[in-house]
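The chain contents come next:
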Amino acid sequence: NISRPADRWRDRCGTHAGFGRLGASASPHATPTRPATDTATMKTPELILMADAPDVLAARLASGGHADRAGAVAELLVRATVELATSFWPGEVCLYVAAGDGHPFFRELAGEFHLQLATQVGDDPGQVMQAALADGIARCGAAAALGCAVPHLPGLVLEEAFDHLAKGRSVLGPSDNGGYYLIGLQAPCPGLFQGIAWGGSAVLTDTLARARAEGLEFELLPTERAIESWHDLFLASRRLEILQPYL
């Protein structure tokens, strides 16, 4: 039998991998509805996966006292996010890495999943995202950037983000630490990424304020928790079964 990539992802990761907003706030009405649209006028947006070097993420995870497993978990998070993205994003998926595109781990992923691989450019997260999104918009007319710390993200959230972008709307996925896990734009907007205290708890609030100043409106996706600590990993493992052996 031939199965779709999304079906294989659900089989591997458990029944929660692709269905709406799950967890304590789950709702039977969470699945996005899609009104009929003239497909001839729709774009095919690109998804850009933003990945730190595995040792950078491993260092953050190891701060919780699990240094012996942190490296393996860090690589698993990136790999699982890549597999999620290629299973559910209907358009092209690219991988932009901070470690340089010659890193063996990322070259292996790019070959396995047939991804375009590129090196991140910029001096801070805002510059990095702005440059990557500008690349994707130039190629496809619209693009989204997704961090590689949300492999537990329901697949339908990615499909919802794609639909918004394809229909000409910008999109933002808030994270519960005050930042965001996904941002998608129709056109480059350098001012959106300026004056932001990256890494702080006001990134989302400041970004929305910058968007108002730029005359930009966002469609908001469900709020999610990015995996930045061992506690985050434990919570995510309730929805993504492949994480459980590492706890």
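Summed over the entire model, instances satisfying the criterion amount to eight salt bridges. The shortest N-O distance in the salt bridge between Arg79 and Glu112 comes to 2.7 Å. Of this pair, Arg79 sits in helix 3 (residues 67-88) while Glu112 sits in helix 4 (residues 104-113), and the two are 33 residues apart along the sequence. Overall, Glu112 belongs to the partly exposed group, its relative accessible area being 41%. The partner of Arg225 in a salt bridge is Asp232, with the nearest N and O atoms 2.7 Å apart. Taking the relative accessible area as the measure of exposure, Arg225 reaches 31% and is therefore partly exposed. Salt bridges sharing partners connect three or more residues here, namely Arg79, Glu108 and Glu112.

Turning our attention to the pairing of strand 2 (residues 93-97). Within strand 2, five of the five residues are buried, which leaves the element mostly enclosed by the surrounding structure. Burial of the side chains of strand 2 extends over both faces: Val93, Leu95 and Val97 are buried on one face and Cys94 and Tyr96 on the other. In the sheet, strand 1 (residues 46-51) pairs with strand 2 via five bridges, with the strands oriented parallel. Across the sheet, the residue bridging to Ala51 is Val97, located in strand 2.

Our focus in this paragraph is the packing of aromatic side chains. Here the structure, examined in full by the defined rule, presents two aromatic pairs. Between Trp89 and Phe162 the ring centres are 5.2 Å apart and the planes differ by 85°, which places this aromatic pair in the edge-to-face class. Taken together, the positions of Trp89 in the loop between helix 3 and strand 2 and Phe162 in helix 6 (residues 155-166) put the pair 73 residues apart, joining distant regions of the chain. Both residues of the pair, Trp89 and Phe162, count as buried.

About the thresholds
Residues numbered from 1 in each chain as written. Predicted model: local features only at pLDDT ≥ 70, side-chain atom pairs only at ≥ 80, totals over all residues. Heavy atoms only, no water. Salt bridge = Lys/Arg side-chain N within 4 Å of Asp/Glu carboxyl O. Helix = DSSP H or I, 4+ residues; strand = E, 2+ residues; numbered from the N terminus. Buried < 20%, exposed > 50% of the residue type's maximum accessible area, 1.4 Å probe, protein only. Pairing = 2+ DSSP bridges. Phe/Tyr/Trp six-rings, centres within 6.5 Å; stacked < 30°, edge-to-face > 60°.

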